[in-house]
Amino acid sequence: MMDGNGNYQAAREAYAAIGVDTEKALKTLKETPISVHCWQIDDVTGFENFDSVLTGGVAVTGSAPGKPKNRDEFLSHLTRALDLIPGATKLALHAIYLDTDGAKVDRDAIEPRHFDFWVDYAKRQGIGLDFNPTYFSHPLSDSGFTLASADAHIRDFWIEHGKRSRKVGAFFGQALGQVCVTNHWVIDGYKDFTVDKLAPRERLAQSFDQIFAEPVDRRHNIDAVESKLFGIGSETYVVGSHEFYTNYVADRKNCILCMDAGHFHPTEAVSAKISSYLAFGHELMLHVSRPVRWDSDHVVALDDETRAIMQEIVNCGGLGRVHIGLDFFDGSLNRIAALAIGARNARKALLAALLSPLDTLRRAENEGDLTLRLALLEECKTMPLGYVWDRFCETEGKPGADWFKRLV
Ligand code: RNT
Ligand code: ZN
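Caption draft 1: A look at the packing of helix α1 (residues 4-17) against helix α13 (residues 385-395). Where α1 meets α13, the closest approach of the two axes is 8 Å, and the angle between their N-to-C directions is 125°. Judged on the interaxial angle alone, α13 and α1 are oblique. In this structure, the crossing between α1 and α13 has a hand that is left-handed. The residues of α13 that touch α1, namely those facing Asn-5, Asn-7, Tyr-8, Ala-11 and Tyr-15, are Leu-385, Tyr-387, Val-388 and Arg-391.

Caption draft 2: Representation of the coordination of the zinc ion (ligand 2). Binding of the zinc ion (ligand 2) to the protein goes through Glu-226 (OE), Asp-260 (OD), His-287 (ND1) and Asp-327 (OD), at separations of 2.1 to 2.2 Å. Considering all 6 donor atoms around the zinc ion (ligand 2), angles at the metal cover 72 to 166° and the coordination shape is octahedral. Of the residues examined, Glu-226 reaches a relative accessible area of 4% and is grouped as buried. Asp-260 gets classed as buried once you look at its relative accessible area, which sits at 0%.

Caption draft 3: Fine view of the pattern of salt bridges. Per the stated rule, a full pass over the model turns up 21 salt bridges. Across the pair Lys-30 and Glu-396 runs a salt bridge whose closest N-O atoms are separated by 2.9 Å. One end of the pair, Lys-30, is in helix α2 (residues 22-31); the other, Glu-396, is in the segment after α13, and 366 residues separate them in sequence. In this structure, Asp-130 and Lys-90 form a salt bridge, with 2.7 Å as the shortest nitrogen-oxygen distance. Pair noted here: Asp-130 is in strand β3 (residues 128-132) and Lys-90 is in strand β2 (residues 89-94), with a separation of 40 residues, a long-range link.

Caption draft 4: Highlighting the packing of aromatic side chains. The tally for this structure, following the rule as stated, stands at 25 aromatic pairs. Judged by centre distance (6.4 Å) and plane angle (15°), the ring pair of Phe-47 and Trp-118 falls under stacked. Of the two residues, Phe-47 sits in the loop between β1 (34-37) and α3 (71-82) while Trp-118 sits in helix α4 (residues 116-125), which places them 71 residues apart along the sequence. Where Phe-244 meets Tyr-248, the ring centres are 6.4 Å apart and the plane angle is 15°; that geometry is what we call stacked. One end of the pair, Phe-244, and the other, Tyr-248, are both in helix α7 (residues 242-252), 4 residues apart, so they sit about a helical turn from each other. Among the aromatic residues, those joined into a ring-pair cluster are Phe-47, Phe-50, Phe-74, Tyr-97, Phe-117, Trp-118 and Tyr-121.

Caption draft 5: Fine view of the packing of α3 against helix α10 (residues 335-354). Running from N to C, α3 and α10 cross one another at 35°; their axes reach a closest spacing of 8 Å. Crossing angle aside, the handedness with which α3 passes α10 is right-handed. Contacts between α3 and α10 involve His-77, Leu-78, Arg-80 and Ala-81 from the first element and Ile-336, Leu-339 and Ala-340 from the second. The residue inventory of the contact of α3 with α10, partitioned by class, reads 5 nonpolar, 1 polar and 1 charged.

Caption draft 6: Quick peek at the site of ligand 1. Around ligand 1, 13 residues are found, and the nearest of them are His-94, Glu-226, Lys-228, Asp-260 and Asp-327. For ligand 1, an oxygen atom lies 2.7 Å from a polar atom in the side chain of Glu-226. His-263 places a polar side-chain atom, nitrogen or oxygen, 3.0 Å from an oxygen atom of ligand 1. When atom positions are compared with the pocket grids, ligand 1 is found to occupy the largest cavity. Taken together, the residues of the shell around ligand 1 sort by class into 5 nonpolar, 3 polar and 5 charged.

Conventions adopted
The residue count restarts for each chain, going from 1 along the sequence in the order it is written. Chain letters and ligand numbers both follow the written order, the letters beginning at A and the numbers at 1. Local features in this predicted model are restricted to residues whose pLDDT is 70 or higher, and side-chain atom pairs enter the listing and the counts only when it is 80 or higher, whereas totals over whole chains, interfaces and linings include all residues. Derived side-chain values reflect all non-hydrogen atoms in the structure, with water molecules and hydrogen atoms excluded from consideration. Fitted lines through C-alpha atoms give the axes, limited to the stretch in contact for helices. The angle between two N-to-C directions lies from 0 to 180 degrees. By definition, any uninterrupted DSSP run of H or I lasting at least four residues is a helix, any uninterrupted run of E lasting at least two residues is a strand, and each is numbered from the N terminus. Convention used here: angles under 35 degrees read as roughly parallel, angles over 145 as roughly antiparallel, angles from 65 to 115 as roughly perpendicular, and any remaining angle as oblique. Note on convention: near helix rotated counterclockwise from far helix by under a right angle means a left-handed crossing. Clockwise means right-handed. In what follows, a contact means two residues having at least one pair of non-hydrogen atoms within 4.5 Å. Coordination shells were defined by N, O and S atoms within 2.8 Å of each metal, extended to 3.2 Å for Na, K and Ca; water is absent from the atom set, which can make sites look incomplete. Each label reflects the angles at the metal, where four donors whose angles all fall between 85 and 135 degrees are tetrahedral, four or six donors whose opposite pairs open beyond 155 degrees and whose other angles stay between 65 and 115 are square planar or octahedral respectively, and the rest are irregular. Think of it in three bands: residues with accessible area under 20% of the maximum for their type are buried, residues over 50% are exposed, and the middle band is partly exposed, with areas taken using a 1.4 Å probe on protein chains only. We define a salt bridge as a side-chain nitrogen of Lys or Arg found within 4 Å of a carboxyl oxygen belonging to Asp or Glu. Within 6.5 Å between ring centres, the rings of Phe, Tyr and Trp (the latter by its six-membered ring) count as paired, and their orientation is classed by plane angle as stacked under 30 degrees, edge-to-face over 60, tilted in between. Gly falls in the polar group here, along with every residue not listed as nonpolar (Ala, Val, Leu, Ile, Met, Phe, Trp, Tyr, Cys, Pro) or charged (Asp, Glu, Lys, Arg). Whether a residue is near a molecule or strand is decided by its heavy atoms; if any one of them lies within 4 Å of it, the residue is near. Polar contact is defined as a pair of N or O atoms within 3.5 Å, subject to the rule that within protein one atom must be able to donate a hydrogen and the other to accept it, and that residues adjacent in sequence are counted only when both atoms are side-chain atoms. Each cavity reported here is a set of points on a 1 Å grid over the protein atoms alone in which a 1.4 Å probe fits but cannot get out, each pocket an open set with protein on both sides within 12 Å along at least five of seven lines, and each lining residue one with an atom within 4 Å of a point. Pocket occupancy is defined atom-wise: a molecule lies in a cavity or pocket when more than half of its atoms are within 2 Å of its grid points.

So yeah, pure geometry; function would need other evidence.
Have a look at this one:
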């Protein structure tokens, strides 16, 4: 039997024979950040209150044991998960993961100092940070409306939260020397037939105009707005729809669009949309997720759509313009393993994309040799991806295929 190095050398030769440089792919793979979300670790609970209830039309199902009961447990579980994830990593936080030293700090009062410990953590781990304001799981979101609320008091509260969140983002970006993407997702919508679909959208646009009014150094913070088709309790009408944000982004040019793989009609694919934004010079944020029959936020698998998303980014030359983030939360599995499985799969999909013989495929397509294009695309599916992946894990000092033995 060949050892790991022998396997890799065989794979390297096999890829070289179709014009693919595995070393180059591995270098790009290592350097491309994937933003790993913290909220899989504790079912989106956060540190405000360890008994807090998740609201906002999203749901975690399952009651696997081991959910962290305090911040120290959370951090140790998170660290164990990150230890299993190779490659350049960013950690995506939510505003509810703050440290107030026991004081009650409402969402409209958060400050960078409440997130100081995350900067220390990120430095220790050698990772970047992304941020998300938390416009849910709060009494002032119980009406189902936040930034688009008809109630000015509610709106203003959340506008203040949005403004402060970007300051946290800029603080992260400056402190770590790596841009932070602050991703705004609001829950607003109606369960049933909606008479006035326009006014809430006008209010949402105005609220974001206020949130983004103050210029922030783009090297430190970029804002993203996340569209959605429906939520639990907002099945009929979501204010921040895909069309709404696509137009907002194009018109205002003050933020970028975030597309979540679970936020579209079941036959619509995020992978098919990416090039249309890149064609107009946009940057994008992605929430790579796995919807099963609905926006179920299953753990990311190495499935066709995840591979297609990564392939699109690579084919479009979009690495650097497309910020890759993860978003899933499954409470039915070991949560540490769930985060590792999903993050490793996203990166495996990226590796598969980087190992595609793009030059030859492009040439075939441009020359009209569509037979060669299909033949090569199909042959690629059985190339020895796994041996290159094993090599990557090894050089990153992370466990390979037997990583789950580390769980016990
Ligand atoms: C909800 C959005 C959003 C959340 C996180 C927790 O449907 O996908 O991104 O999952 O902010
Ligand atoms: Zn999302």
